[in-house]
Amino acid sequence: MLPRSFPSSRRLRLHSARTQRQLIFLLGGIVVGAAAVALALLADLAQEAFRALLDRWRYAPLIVTPLGMGLSAWLARRYFPGSGGSGIPQAIAARKLLNQSARAALVSLRIAVGKILLTLFGLLCGASVGREGPTVQVGASIMFAIGRLSPRRQPGLILAGASAGVAAAFNTPLAGIVFGIEEMSRAFEVKSSGLLIVAIITAGLTSLALLGNYTYFGTTTATLQGAAGWLAVPVCGLAGGLLGGAFSRILVEVAGGLPGAAGRAIRRHPVVFAMLCGLGTAFCGLASGDMVYGTSYGEVRALVDDGTPLTQSFALLKFGATVLAAISGIPGGIFAPSLAVGAGLGFNIATLFPDVSLDAMVLLGMVAYFAGVVQAPITAFVIVTEMTNDHAMVIPLMMAAIIGSQVSRLLCAEGVYHALARNFIGPAARPGDAPVARSTGAPEH
């Protein structure tokens, strides 16, 4: 009897462990989806409150934004270390670290709470940040915390939480899967692919149940026709790649620590530096006609949905405001602001192609710039396609994304998220080492 009962007992234990992992991914997906919805709704309220302040006194950002960004930077460093920046580099680094306590220094419930609160605070004071990148770190943190219920703690939990965060934040389940494969893991893991999809679907269904089905930037039916339309593809790809590469290079250089007196001043007075970045953001906002504060989601959606024009200076001013927010060290993402910069870039380039659909030019600018920033072309064109439900533009978007990604490498050898993730991977990447990230003295990203 023993030879038969032993295999049966072993199979039972294996089945129990497998079921437990499936339930963890299922439960994690529900919680991540609910957290993404809560953050989305609260982010909208925060931006509405800031807009109400602008309506009362247009020059309020000259005071509110510097003080708010300075306070956010101080709170992040004092009470929520590891929460600065978009949060995606931390999630990437946490997957690569081998020590559980080292991972917990980058993805934990404490960090998730701080990330949510301070991202909302940034939007409340007008910083050019988004909620989608933070949702990735929040999702990874939630999944990692829930994973402690299982005796087997897998990096796959972090991957699933991060990917589910993207899917729920944008209502783009396919983009969540692609993001997980192309950007988070840079590989397809057969063993965890099923559980990854379970988490993403569960998070997506939770988001749908709470918010309903929607497309992030509305719906377009843009197409490219004629030689001028196809000529616009490489032009947008080139411009988006150069601007996106410049953005990434600035962030990487500042995060690595600037040389000379400027670098020393930033390291010694990070809160003052964040306040100066806030003052610069306020100036960008005033110059843009109050269009570059927060995510600029409303402005871009109005452009895509209704053709409401942007100003010709919108792209560069939004670029400047987003750079300032990103290097300041405050918690907040660059996902949505980058898409807004790309939309503005496409709007500018459209003046060179008057016979080409404006919607098509905006989509090409969005995907080219975003691909230039993250150097993940598949994620870029999939997410823009899903956000606008415009499948007729898939091939042009693919081309613009690939061109933008390749051109970006001329200025920044690696995508911004992976380049910044290196700041969190040092000696702690080896088992048994202390759970600390490599400190550069520069603002967190």
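In this report, the structure presented in the accompanying data block is examined. Values in this document were obtained by computation on a predicted structure and should not be read as measured data.

A word on the packing of aromatic side chains. Scanning the model with the defined rule gives 6 aromatic pairs in all. The interplanar angle of 55° and the centroid separation of 6.3 Å between the aromatic rings of Phe179 and Phe335 together place this pair among those described as tilted. Of this pair, Phe179 sits in helix α8 (residues 173-185) while Phe335 sits in helix α15 (residues 335-349); the two residues are 156 residues apart in sequence, bridging distant segments of the chain. Taking the relative accessible area as the measure of exposure, Phe335 reaches 1% and is therefore buried. Judged by centre distance (6.0 Å) and plane angle (65°), the ring pair of Phe247 and Phe319 falls under edge-to-face.

Turning to the packing of helix α16 (residues 358-374) against helix α18 (residues 394-408), a few remarks are in order. Where α16 contacts α18, the axes come no closer than 7 Å and their chain directions differ by 35°. The element α16 and its partner α18 pack so that their crossing is right-handed. When α16 is examined against α18, the residues Leu363, Leu364, Val367, Ala368, Ala371 and Gly372 are found in contact with a partner set consisting of Pro396, Leu397, Ala400, Ala401, Gly404, Ser405 and Ser408. Looking at the contact of α16 with α18 residue by residue, the classes come out as 9 nonpolar, 4 polar and no charged.

Before going further, it helps to examine the pattern of salt bridges. Throughout the structure, instances matching the rule amount to 6 salt bridges. Notably, a salt bridge pairs Arg131 with Glu132, separated by 3.9 Å at the nearest N-O pair. Taking relative accessible area as the criterion, Arg131 reaches 9% and is therefore assigned buried. A salt bridge links Arg422 to Glu414, with the shortest nitrogen-to-oxygen separation between them at 3.0 Å.

Turning next to empty space enclosed by the protein. For the structure on display, the rule yields 4 cavities of 30 Å³ or more. The wall of the largest cavity is formed by 15 residues, among which Gly85, Ser86, Ala326, Gly332 and Ile334 lie closest to the centre. Elements that contribute at least two residues to the lining of the largest cavity include exactly α14 (314-328) and α19 (416-421). For the lining of the largest cavity, a count of residues per class yields 8 nonpolar, 7 polar and no charged.

An ideal rise of 1.5 Å per residue puts 22 Å on 16 residues; helix α6 (residues 132-147) measures up with 22 Å between its terminal C-alpha atoms. In terms of residue burial, α6 counts as a mostly covered element, since 15 of its 16 residues are buried.

Quick notes on the rules
Residues numbered from 1 in each chain as written. Predicted model: local features only at pLDDT ≥ 70, side-chain atom pairs only at ≥ 80, totals over all residues. Heavy atoms only, no water. Phe/Tyr/Trp six-rings, centres within 6.5 Å; stacked < 30°, edge-to-face > 60°. Helix = DSSP H or I, 4+ residues; strand = E, 2+ residues; numbered from the N terminus. Buried < 20%, exposed > 50% of the residue type's maximum accessible area, 1.4 Å probe, protein only. Axes fitted to C-alpha atoms, helices over the stretch in contact; angles between N-to-C directions. Left-handed = near helix turned anticlockwise from the far one by under 90°. Contact = heavy atoms within 4.5 Å. Nonpolar A, V, L, I, M, F, W, Y, C, P; charged D, E, K, R; others polar. Salt bridge = Lys/Arg side-chain N within 4 Å of Asp/Glu carboxyl O. 1 Å grid on protein atoms, 1.4 Å probe; cavity = no way out; pocket = protein on both sides within 12 Å on 5 of 7 lines; lining within 4 Å. Points joined across faces, edges and corners; volume = space filled by probe spheres on them. Expected span 1.5 Å × (residues − 1).

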